Amino acid sequence: MAWEAEENFNSYSVNGLNGGNGGSGWSGAWSAHANYKIVSANQPPWDSSGKSVFLNSGNSDEHATRALANPVSTGICYVAARTGATSCNQYVAMWRDSGGNTRAYVRFDSSGNIVLNGTNIQSYSINTWYLFAVEFDMPNNRSRVKIKEAGGNWGSWSNWVSYGSGESSIADIRFTTAYPSNNNYWDLISATDPSLPPAVPKSKGYIF
Ligand SMILES: [Ca+2]
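Residues numbered from 1 in each chain as written. Predicted model: local features only at pLDDT ≥ 70, side-chain atom pairs only at ≥ 80, totals over all residues.

Even after reading the chapter, I still don't get the overall build of the protein, so can you show me in this structure?
Across its full length, the protein holds 0 helices and 14 strands. Each helix (α) and strand (β) of the protein, taken in turn from the N terminus, gives the series β-β-β-β-β-β-β-β-β-β-β-β-β-β. Radius of gyration (C-alpha) of the protein: 17 Å, near the 17 Å computed for a compact globule of 208 residues. On the principal axes, the C-alpha backbone points of the protein span a range of 60 × 40 × 35 Å. Looking at the protein as a whole, 39% of its 208 residues qualify as buried. For the protein, long-range pairs separated by at least 24 residues make up 63% of all intrachain contacts whose partners lie at least 6 apart in sequence. (Helix = DSSP H or I, 4+ residues; strand = E, 2+ residues; numbered from the N terminus. Rg over C-alpha atoms; globule rule 2.2 N^0.38 Å. Buried ≥ 20, exposed ≤ 12 C-beta atoms within 10 Å, placed from the backbone. Contact = placed C-beta atoms within 7 Å.)

Structure follows, in structure tokens:
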């Protein structure tokens, strides 16, 4: 089925992420290393008065993971992230199967490029929020991405990038860094574009 999990972290107190059980479409709470904090500074422009996840003292074996209520085989997951240095190889996210195998991933790599499953997509700036739309095509073992930088517009969809075969659906999402973290942030996991303004109900009885 399609992606359905939603999380903006705004309901959590400013503390550790571990045990956070907000949002919808999840199976259980966040399981996160103590270094993953909830903060209200340096928020993304698409959720500027909220909170986000912050990591500034973690190593590569520290991560934050949450299981989906329903496995995903096709569809789009939106997620926002910001990295503080090229040295951390921050994963925007890993999307893993039920065996814990990483299927799709997007990463700010150590040479200044955003990478989808090993393929360079575009360059990035540090301390800048990006919004990602990642589309999964698990039956064909591939994914693609489009990217919006804070203050900018959506780019085009990338080419489809293949990954190795494995289980046919995604079971969780994981935030991590490959090297010691440095001012890394995450926010806004969604099935719909969180940079769009909320839909306004159509008024009845008006003639425009
Ligand atoms: Ca937020």
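Would you explain the sheet that holds strand 2 (residues 36-39) in this entry?
Neighbouring strands of a sheet are bound in pairs by backbone hydrogen bonds; such pairs are parallel or else antiparallel. Taken together, the 7 strands give an open sheet; going across it, the order is 2-3-14-5-10-11-12, and neighbouring strands pair in antiparallel fashion. Every other strand in the sheet has two partners, leaving strand 2 and strand 12 (161-162) as the edge strands with one partner each. Two strands pair when backbone bridges link them, and strand 10 (residues 130-137) and strand 11 (residues 142-149) are joined in this way by 8 bridges, in the antiparallel orientation. Following the sheet pairing, Phe136 is matched in strand 11 by Ser143. (Pairing = 2+ DSSP bridges.)

What exactly am I supposed to notice about the pairing of strand 13 (residues 170-177) here?
Every regular strand shows the same layout, with side chains that alternate between the two sheet faces. Within strand 13, 6 of the 8 residues are buried, leaving the element largely enclosed by the surrounding structure. Pairing between strand 6 (residues 90-96) and strand 13: 5 bridges, direction antiparallel. Within strand 13, the position partnered with Tyr91 by the bridge is Thr176.

How should the nonpolar core be read in this particular structure?
Generally speaking, soluble globular proteins have nonpolar side chains that are buried together. Counting residues in hydrophobic clusters, the biggest one holds 53 residues, and the most contacted among them are Val53, Val79, Ala80, Ala93, Val106, Phe132 and Val134. Here Ala80 is in contact with Pro44, Trp46, Trp129, Tyr130, Leu131, Trp186, Asp187 and Leu188, once residues within four sequence places are set aside. (Core = buried A, V, L, I, M, F, W, Y, C linked by C-beta atoms within 7 Å.)

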